[in-house]
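# Architecture at a glance
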Amino acid sequence: MVMVGSVVRLLLVVVQLLLAMAATGEALDTGYYASTCPDAEATVRNAMDRLHYTDPTLAPALIRLLFHDCFVRGCDASVLIAPTPRYSSERAAIPNHALRGFGAVDAVKRALEAACPAAVSCADALALMARDAVALLGGSRYDVALGRRDGTQSNPWEVDLPAPFARLDDVLAYFAARGFSAEETVVLFGAHTVGGAHCSSFRYRLTRPDGAMDETLRCDMLDTCGAADLPLDTDPAAFFDPDTPFTVDNNYYAQLRSNRTLLQVDQEAATHPATAPHVAHYAASPDAFMQRFSEAMAKLSNVGVLEGDAGEVRKVCSSIEEVYDKLQNDVVTVKEWLMKIPQSSDRKSTIIS
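Residues numbered from 1 in each chain as written. Predicted model: local features only at pLDDT ≥ 70, side-chain atom pairs only at ≥ 80, totals over all residues. Heavy atoms only, no water.

## Looking at the layout of surface pockets
Empty space among the atoms becomes apparent when a probe as large as a water molecule is rolled across them. For clarity, the threshold we go by: Detection works on a 1 Å grid of protein atoms alone, calling trapped sets that fit a 1.4 Å probe cavities and calling open sets with protein on both sides within 12 Å along at least five of seven lines pockets, with lining residues defined by an atom within 4 Å of a point. Grid points are joined across faces, edges and corners, and a volume is the space filled by probe spheres set on the points. Only runs of H or I of at least four residues qualify as helices and only runs of E of at least two qualify as strands under DSSP, and these elements are numbered from the N terminus. Asp, Glu, Lys and Arg are counted as charged, while Ala, Val, Leu, Ile, Met, Phe, Trp, Tyr, Cys and Pro are counted as nonpolar; the rest, among them Gly, fall into the polar class.
Of the voids in this model, the largest pocket is the one considered here, and its volume is about 1400 Å³. What lines the largest pocket is a set of 43 residues, among which Arg-64, His-68, Gly-196, Ala-197 and Phe-240 lie closest to the centre. Where the lining of the largest pocket is concerned, the elements lending two or more residues are helix 3 (58-70), helix 6 (168-176), helix 7 (182-189), strand 1 (196-198), strand 2 (237-239), helix 11 (264-269) and helix 13 (286-300). Here the lining of the largest pocket gets six residues from one element, more than from any other, and that element is helix 3. Across the lining of the largest pocket, the residue classes tally to 31 nonpolar, nine polar and three charged.

## A look at the state of the cysteines
Worth spelling out the cut-off: Cysteine sulfur atoms are paired as a disulfide whenever they come within 2.5 Å of each other. Each residue gets one of three labels from its accessible area relative to the maximum for its type: buried under 20%, exposed over 50%, partly exposed in between, using a 1.4 Å probe on protein chains only.
Scanning the entire structure with this criterion turns up four disulfides. Paired by a disulfide, Cys-37 and Cys-116 hold their sulfur atoms 2.1 Å apart. Between Cys-37 and Cys-116 the disulfide shows an S-S torsion of about 75 degrees. By sign, it is right-handed. Taken together, the positions of Cys-37 in the loop between helix 1 (4-21) and helix 2 (40-54) and Cys-116 in the loop between helix 4 (102-115) and helix 5 (122-136) put the pair 79 residues apart, joining distant regions of the chain. Here Cys-37 falls in the buried class, since its relative accessible area comes to 1%. Each disulfide pairs two cysteine sulfurs, and for Cys-70 the partner residue is Cys-75, the sulfurs being separated by 2.0 Å. Taking the torsion about the S-S bond as the criterion, the Cys-70 to Cys-75 disulfide, at about 120 degrees, is right-handed.

## Remarks on the UniProt feature "active site" (unreviewed entry) in the protein
Where we set the bar: UniProt positions are given in the numbering used here, feature names are shortened, and annotations may be inferred rather than shown by experiment. We call two residues in contact whenever any of their non-hydrogen atoms come within 4.5 Å of each other.
As recorded in UniProt, the sites labelled "active site" (unreviewed entry) are His-68. On the secondary structure map, His-68 appears in helix 3. For His-68, a relative accessible area of 6% corresponds to the buried category. Discounting chain neighbours no more than four positions away, the residues touching His-68 are Val-79, Pro-95, Asn-96, Leu-99 and Leu-161.

## Considering the side chain of Thr-261
By the element assignment, Thr-261 lies in the loop between helix 10 (251-257) and helix 11. Assessed through its relative accessible area of 2%, Thr-261 is described here as buried. Not counting residues within four places of it along the chain, the set of residues in contact with Thr-261 comprises Arg-205, Met-213, Leu-217, Tyr-252, Gln-255, Leu-256, Asp-266 and Gln-267.

## Overview of unusual backbone geometry
In this structure, Arg-73 takes a positive phi of about 70 degrees despite not being glycine. With respect to the helices and strands, the residue Arg-73 is situated in the loop between helix 3 and helix 4. On the basis of relative accessible area, Arg-73 is assigned to the partly exposed category, the value being 31%. The residue Ala-77 is not glycine, and still its phi comes out positive at about 65 degrees.

## A closer look at the packing of helix 4 against helix 5
Note the threshold: Axis geometry follows a simple rule: fit a line to the C-alpha atoms, using only the stretch in contact for helices, then measure angles between N-to-C directions, giving values from 0 to 180 degrees. Each angle gets one of four labels, with under 35 degrees taken as roughly parallel, over 145 as roughly antiparallel, 65 to 115 as roughly perpendicular, and the rest as oblique. If you view the pair so one helix is near and one far, a crossing is left-handed when the near helix is turned anticlockwise from the far one by less than a right angle, and right-handed when it is turned clockwise.
The geometry of helix 4 relative to helix 5 is characterised by a closest axis approach of 10 Å and an angle of 115 degrees between their N-to-C directions. One way to sum up the angle between helix 4 and helix 5 is to call them roughly perpendicular. Both helix 4 and helix 5 take part in a crossing whose hand is right-handed. Contact with helix 4, carried on its side by Ala-104, Val-105, Val-108, Lys-109 and Leu-112, involves Cys-122, Ala-125, Leu-126 and Met-129 of helix 5 and no other residues of that element. Classifying every residue of the contact of helix 4 with helix 5 by side-chain character gives eight nonpolar, no polar and one charged.

## A closer look at helix 6
The line we're drawing: Throughout, the arc means that of the directions going from the helix axis to the C-beta atoms.
Those residues of helix 6 that fall on the buried side of the exposure criterion are Leu-168, Val-171, Leu-172, Tyr-174 and Phe-175. Seen end-on, helix 6 carries its buried residues on one side only, within an arc spanning 160 degrees. For helix 6, the secondary structure elements touched by its buried residues are helix 3, helix 7 and helix 11.

## A closer look at the side chain of Asp-106
For clarity, the threshold we go by: The sign given to each residue is positive for Lys and Arg and negative for Asp and Glu; His and the chain ends receive no count. Salt bridge, as used here, is a side-chain nitrogen of Lys or Arg placed within 4 Å of a carboxyl oxygen of Asp or Glu. Under the rule applied, a polar contact is a pair of N or O atoms within 3.5 Å (in protein, one hydrogen donor and one hydrogen acceptor; residues adjacent in sequence only if both atoms are side-chain atoms).
Looking at where Asp-106 falls in the secondary structure, it is placed in helix 4. For the buried Asp-106, which has no salt bridge, the nearest side chain bearing the opposite charge is Arg-91, at an N-O separation of 5.3 Å. In terms of polar contacts, Asp-106 uses its side chain to reach the backbone amide nitrogen of Cys-317, at 3.4 Å. Excluding residues that lie within four positions of it along the chain, Asp-106 makes contacts with Val-316, Cys-317 and Ser-318.

## Brief notes about the packing of aromatic side chains
Going by this rule: Under the pairing criterion, centres of Phe, Tyr and Trp rings, with the six-membered ring standing for Trp, must be within 6.5 Å; the plane angle then separates stacked pairs below 30 degrees from edge-to-face pairs above 60, leaving the rest tilted. Any Lys NZ or Arg CZ found within 6 Å of a ring centre and within 35 degrees of that ring's normal is scored as a charge over the ring.
Applying the stated criterion to the full structure yields 16 aromatic pairs. Taken together, a centroid distance of 5.7 Å and an interplanar angle of 55 degrees make the contact between Phe-71 and Phe-180 tilted. With Phe-71 in the loop between helix 3 and helix 4 and Phe-180 in the loop between helix 6 and helix 7, this pair connects stretches of sequence that are 109 residues apart. Judged by relative accessible area, which is 3%, Phe-180 ranks as buried. Between Tyr-282 and Phe-289, the ring centres sit 6.4 Å apart and the planes meet at 65 degrees, which makes this aromatic pair edge-to-face. The pair formed by Tyr-282 and Phe-289 is uniform in burial state, with each residue classed as buried. Here a set of aromatic residues connected by ring pairs shows up, and it is made of Phe-67, Phe-71, Tyr-174, Phe-175, Phe-180 and Phe-189. The cationic tip of Arg-178 hangs over the ring face of Phe-71; the distance from NZ or CZ to the ring centre is 5.6 Å.

Here it is as structure tokens:
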């Protein structure tokens, strides 16, 4: 028996898919906001300068935030959506529990809304913030093509990011599926030149030595982390690169070659035949790394973008309540329309229940 409830649910799914996927094919463009918000990049840059002065740990967090966004559903700002009692979101997935920077993105978006209401997407704001984060940390500034649209879905079960203990072969395949070569993957690993990780990401390497970590580093980290697992909010953290933790440079690769890195998958890159030559090259070539890192970040920010009429431009980056409210209104309208369809007395009971 076909019922209104089933029809409405089907229509709701169709509307959601159309909102998320119906792109017009418009290309990203560095001058996308030339007429609608000519000061967009300056607005983001000024806000980032203030945020970085207040909290220098924010810049590495924003680079990581971009990666976690772009490798799940593409660079559509879906990772920014906060879960509510009505729906969950990508933020609820375990790999995203330690992400930071959501409040900073909302603050930058408020500045953009004040300058150009409903013009600049959250996806573009995050891409620009990550670019500025690289520059504030001493990396090479790069152009960001703009025109991304914001996604209208954010599902925790779609978050399938590689774990810190993943095998490198699996990680290389994961990156390849998103258009990145082994060399580009090694370059993006270079983001670990800044920031750090909670001990839960590598404690098993401290308590069950794998022979691939420098013993002095292992003992030092064991003193810092302890042997017992701890809740995330009390779990200690350590810098990936303790020598220059807030500087984008090639020191990370020298650490790989000295077995002084925290994550197993990073360490494996120093000896894997597909990646070891690239690790050696960038360890010896700081200028080459700086240029390639900027190029790889620019490519990362273009993964799976929504363009044209796909998605939306969110007013608040952490919320899609407006979308769900609109969908509910559309469902009510469809139901009312179905109820008005003339039915013969013998068919009415089979269509409307």
